[in-house]
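This is what each chain is made of:
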Amino acid sequence: MDADGSVSDESGRRRRVHGMLKLYYGLNEEGKTPEQPQSLDPCDINGPHFDPELYLNKLRRECSLSELMDHETCMVKQIRSLDSDMQTLVYENYNKFISATDTIRKMKNDFKKMEDEMDCLSANMAAITDFSASISGTLQDQHAQITKLSGVHTLLRKLQFLFELPARLNKCLELQAYAQAVSSHRRARCVLQQYSHLPSFKGIQDDCNTIMEKLAQELRQKFRDGGTSAKDLSECVELLLQLDEPAEELCDKFLSHAGSRLELDLQGLEAEIKPYPPTPALKDAATRRSSSSTAVGSPSDNNSPKTISLPSPTPNTDILEFIDRGCNEFVSSLCLVITSYQELFINHAQTGELASKNIPQMANGKLQAFVDDLAARYFLLVERRIQEEKGVGDNSLLVRALDRFHRRLQAVAKLLPGSAVPTRGTEIVIKSVLASVHLFTAKDITFSNKPYFKGEFCSQGVRENLVVNFIRFVCQSSRQFCESAGDKGGSTPPALLLLLSRLCLDFETSTISYILTLTDEQFLVQHQNPITPVTTLCGEAREAAQKLLNHYVKVQGLIISQMLRKSVETRDWVNTIEPRNVRAVMKRVVEDTTSIDVQVGLLYEEGVRKAHSSDSSKRTFSVYSSSRQQPRYAASYTPSAPMDTNLLSNIHKLFSERIDIFSSVEFNKVSVMTGIIKISLKTFLECVRLRTFGRYGLQQIQVDCHYLQMYLWRFVSDENLVHFLLDEIVGSSAHRCLDPSPMEQSVIEVICERG
């Protein structure tokens, strides 16, 4: 207990000592001087303006003798206590004081040493400078000679490269390093051609040409074999093009080689089809060939008759197996050929001189003709095989085969968008359906001679109830996608609306006329009974296409409008910070608009635009449009006088051209994009009119509108429409602004260009 008591007393004494020292030096608990106002009282013993004389005079006037003596005693005790504490503090920190003294002494020595080293470094730098100046002066006269020798050395290295070029090319040819050989020859070809009048250079040029011709022959053989990998084949084509091999010949060779393989697939399919019966003309031709062969001395027996050799059909092969074989062999091989050809000649990046020859366009034209020719032959075989199904009672297998046939042709459509293969395949499917119905009117069917099958069955049963009702069903089903509820068009994908609109438009332009003409020709439809005119169906299809396209514009416009509306409603425009960049939602609007433009461009033509001004992307927006607000109003605009500005704005609108936001669009890309952008910007404008803006809120709207103007003008038919709507947005923001201080146009441009 005594030990614990002594320890606690010691710690308490130390706390009191430290507390008194802190009080004496004016420190707080953290060891810092508290920020307190300085006392101006001269009688404050702790103040900076303390006056001992005034303090003593005050004590003598206010205190009695006993109080003065007590005060003296108390002060003496405090002084002694402070002195004792000071001695204790010094004793306790004696080692620290000694260490600090040693450190200071050592620092003096270190700084002295550092000063000596810096003086030495300075002297060395001066010596180096003098030495460098001496070297420069010595070599000044020889500088030109050294430069000349360096040029001669470079020239000698080039000459050495030229003289060693034939040996280098032979070595590359042995190692099959064709790319290195072509690169080396291209580097020296211009020089050799320029100095070909000199015998030595002429000899090098002839040797190089001989070697490169041999290399080109090996590349051609490698290209003809086609057994290498796709990467090696691509390199082979590129090297041949660099060797000035005609691109058209390479394309023809590739297609010829691929055509021979596809020809085998077609022959295999043809072997599964029953041969056409020989006609009298074919018999006569065979007889003539037989007699001519006998006349020239055929090695075969003269008495043996000459007949036409046709492949024998493979028995027991149904239509589904035939279509599967055609798709798995011919169509799959054709897709591989298209992909390889495009990688070699169309999608392969061309550089240098090859880029100016426009090889992809030429190659694409040859590929289109090649595919269309082979596909036409394939379709003829398919039609011949379908004709054999006329006597089959169950058409389920035929329908499955046609569905598989149609689906597999879509791969060709994706690889080669401009090809006529998908359209031709669809025509075959339609013809097959009509051919199945046509069995009821065959001449060998006894009931086909009945008046019903010659008249009402053809006109009403087939034409009206089957073909016309099918066309109307397609149009009506397509229109139903426009009747879904919701601001975003329900769950219908916008891409589906766009595809259906193009389908109905194609119905109107060609499909309906083709199908009805084919029906009338095959069934000999008599127009005595009332039938639906072609123009009526075309009108219904066009109406459906127009409704679908209008709905597509509305749906896409509302999707973008939703983004803009949320971006306006969820922001505090009064207390926002100063704009430093374009808002992310504006970049998203531009990105989505660009993707929609690409999507529409795949199905519809470009359309007509008005001539664009040269500064379309740099048009500016003032807080008050010049047509609505003159400069004298801008300087005097205050919240107490909004009537004048609103009046001017309304008067301007009376004389402005009215913008119909939800008007019908035309069947082209420009009109569709104009409709979508009108809906989006109109929504932006209406949302702005419902908000109140501060100074920086108005400036942010200026930045966003300028960014939209930089990109959206190129999508619409008239750039003035975009400028007008964006100007309305900025003007409305200014009318709703508490402190309409616009941002400098140069600052806006810097922010928008920075993105």
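Only a predicted model underlies this, so the values are computations on that prediction, with no experimental measurement involved.

(A) Geometry of the overall build of the protein. The helix and strand inventory of the protein stands at 26 helices and 0 strands. Here the contacts in the protein between residues at least 6 apart in sequence split such that 79% fall between residues at least 24 apart. Split by element, the accessible area of the protein, about 45500 Å² in all, is 55% carbon and sulfur.

(B) Expanded view of a negative patch on the surface. On the surface, Glu115, Asp116, Glu117 and Asp119 cluster together into a patch of negative charge. On the secondary structure map, glutamate 115 appears in helix 4 (residues 94-139).

(C) Spotlight on the packing of aromatic side chains. Considering all chains together, one arrives at 6 aromatic pairs under this definition. On the basis of an interplanar angle of 55° and a centroid distance of 5.3 Å, the ring pair of tryptophan 573 and phenylalanine 693 is categorised as tilted. Of this pair, tryptophan 573 sits in the loop between helix 19 (534-569) and helix 20 (584-601) while phenylalanine 693 sits in the loop between helix 23 (669-688) and helix 24 (695-712), placing them 120 residues apart in sequence. Phenylalanine 693 matches tryptophan 573 in its accessibility class, with the two residues each being buried. Three or more aromatic residues joined by ring pairs form one cluster here, namely Phe330, Tyr378 and Phe379. Its guanidinium or amino end placed over the ring of tyrosine 604, arginine 502 lies 5.2 Å from that ring's centre, counting from NZ or CZ. We note arginine 571 situated over the ring of tryptophan 573; from NZ or CZ to the ring centre the distance is 5.3 Å.

(D) Representation of the nonpolar core in the model. Counting residues in hydrophobic clusters, the biggest one holds 74 residues, and the most contacted among them are Phe684, Ile701 and Leu708. Secondary-structure elements contributing two or more residues to this core are helix 17 (456-480), helix 18 (494-523), helix 19, helix 20, helix 23, helix 24, helix 25 (719-735) and helix 26 (745-754). If one sorts the elements of this core by residue count, helix 19 sits on top with 14 residues. Counting contributing residues per domain, this core is built from domain 2 (266-273 + 317-542) and domain 3 (571-606 + 650-754), each supplying no fewer than three. Filtering out sequence-adjacent residues up to four positions away, phenylalanine 684 remains in contact with Leu564, Val568, Arg583, Met586, Ile701, Cys705, Leu708 and Ile729. Leu219, Leu240, Phe254 and Leu269 belong to the second-largest nonpolar core, a separate cluster that totals 71 residues.

(E) Layout of the pattern of salt bridges. If you walk through the whole model with that rule in mind, you get 19 salt bridges. Taking the shortest distance from any N to any O, the salt bridge between glutamate 508 and arginine 542 comes out at 3.4 Å. You can see glutamate 508 sitting in helix 18 and its partner arginine 542 sitting in helix 19, a full 34 residues away along the chain. The exposure class of arginine 542 is partly exposed, given its relative accessible area of 38%. Each of the salt bridges in this network shares a partner with another, and the network as a whole consists of Lys682, Glu686, Arg689 and Glu728.

(F) Structural detail: the state of the cysteines. On inspection of all chains with the given rule, the structure shows 0 disulfides. Here cysteine 752 stays free of any disulfide, with the sulfur of cysteine 705 as its closest cysteine sulfur at 9.7 Å.

(G) Structural context of the environment of glutamate 388. If you trace the backbone, glutamate 388 turns up in the loop between helix 13 (359-387) and helix 14 (396-415). Put simply, glutamate 388 and isoleucine 319 are 69 residues apart on the chain and 8.8 Å apart in space, counted from C-alpha to C-alpha. If we skip the residues at most four places from it in the chain, glutamate 388 touches Ile273 and Lys274.

(H) Highlighting the environment of aspartate 51. Tracing the chain through its elements places aspartate 51 in the loop between helix 1 (2-25) and helix 2 (52-62). It is 8.9 Å that separates the C-alpha atoms of aspartate 51 and aspartate 41, two residues lying 10 residues apart in sequence.

(I) Representation of the packing of helix 19 against helix 23 in the model. Two elements in contact, helix 19 and helix 23, have axes whose closest approach is 8 Å; the angle formed by their N-to-C orientations is 30°. The orientation of helix 19 relative to helix 23 falls into the category roughly parallel. Every pair of crossing elements has a handedness; the one defined by helix 19 and helix 23 is right-handed. For the pair helix 19 and helix 23, contact is made by Leu549, Tyr552, Val553, Lys554, Gln556, Gly557, Leu558, Ile560, Ser561, Leu564, Arg565 and Val568 and by Val672, Gly675, Ile676, Ile679, Ser680, Thr683, Phe684, Cys687 and Val688, respectively. Here the contact of helix 19 with helix 23 is built from residues that sort into 13 nonpolar, 6 polar and 2 charged.

(J) Fine view of a nonpolar patch on the surface. Residues Met107, Phe111, Met114, Met118, Leu121, Met125 and Ile128 make up a contiguous nonpolar surface patch of roughly 720 Å² in combined accessible area. On the secondary structure map, methionine 118 appears in helix 4.

(K) Quick peek at helix 24. Over its 18 residues, helix 24 runs 26 Å from end to end, which matches the ideal 26 Å to within 8%, given 1.5 Å per residue. Within helix 24, 15 of the 18 residues are buried, leaving the element largely enclosed by the surrounding structure.

(L) Layout of the packing of helix 23 against helix 24. Two numbers describe how helix 23 lies on helix 24: the axes approach to 14 Å, and their chain directions differ by 175°. When the axis of helix 23 is compared with that of helix 24, the two are roughly antiparallel. Facing Ile677, Leu681, Phe684 and Val688 of helix 23, the residues of helix 24 in contact are Ile701, Cys705, Leu708 and Leu712.

(M) View of the side chain of serine 561. As for its placement among the helices and strands, serine 561 is situated in helix 19. For serine 561, the contacting residues outside a window of four places in its chain are Ile679, Ser680 and Thr683.

About the criteria used
- Residues numbered from 1 in each chain as written.
- Predicted model: local features only at pLDDT ≥ 70, side-chain atom pairs only at ≥ 80, totals over all residues.
- Heavy atoms only, no water.
- Helix = DSSP H or I, 4+ residues; strand = E, 2+ residues; numbered from the N terminus.
- Contact = heavy atoms within 4.5 Å.
- Areas by Shrake-Rupley, 256 points an atom, 1.4 Å probe, with all protein chains shown as cover.
- Patch = residues over 30% accessible without salt bridge, like charges linked within 9 Å, V, L, I, M, F, W, Y side chains within 5 Å.
- Salt bridge = Lys/Arg side-chain N within 4 Å of Asp/Glu carboxyl O.
- Lys, Arg positive; Asp, Glu negative; His and termini not counted.
- Charge placed at Lys NZ, Arg CZ, Asp CG, Glu CD.
- Phe/Tyr/Trp six-rings, centres within 6.5 Å; stacked < 30°, edge-to-face > 60°.
- Buried < 20%, exposed > 50% of the residue type's maximum accessible area, 1.4 Å probe, protein only.
- Lys NZ or Arg CZ within 6 Å of the ring centre and 35° of its normal.
- Core = buried A, V, L, I, M, F, W, Y, C linked by side-chain atoms within 4.5 Å.
- Domains from an automatic or database assignment.
- Disulfide = S-S within 2.5 Å.
- Axes fitted to C-alpha atoms, helices over the stretch in contact; angles between N-to-C directions.
- Parallel < 35°, antiparallel > 145°, perpendicular 65-115°, else oblique.
- Left-handed = near helix turned anticlockwise from the far one by under 90°.
- Nonpolar A, V, L, I, M, F, W, Y, C, P; charged D, E, K, R; others polar.
- Expected span 1.5 Å × (residues − 1).

Keep in mind these values describe shape, not function.
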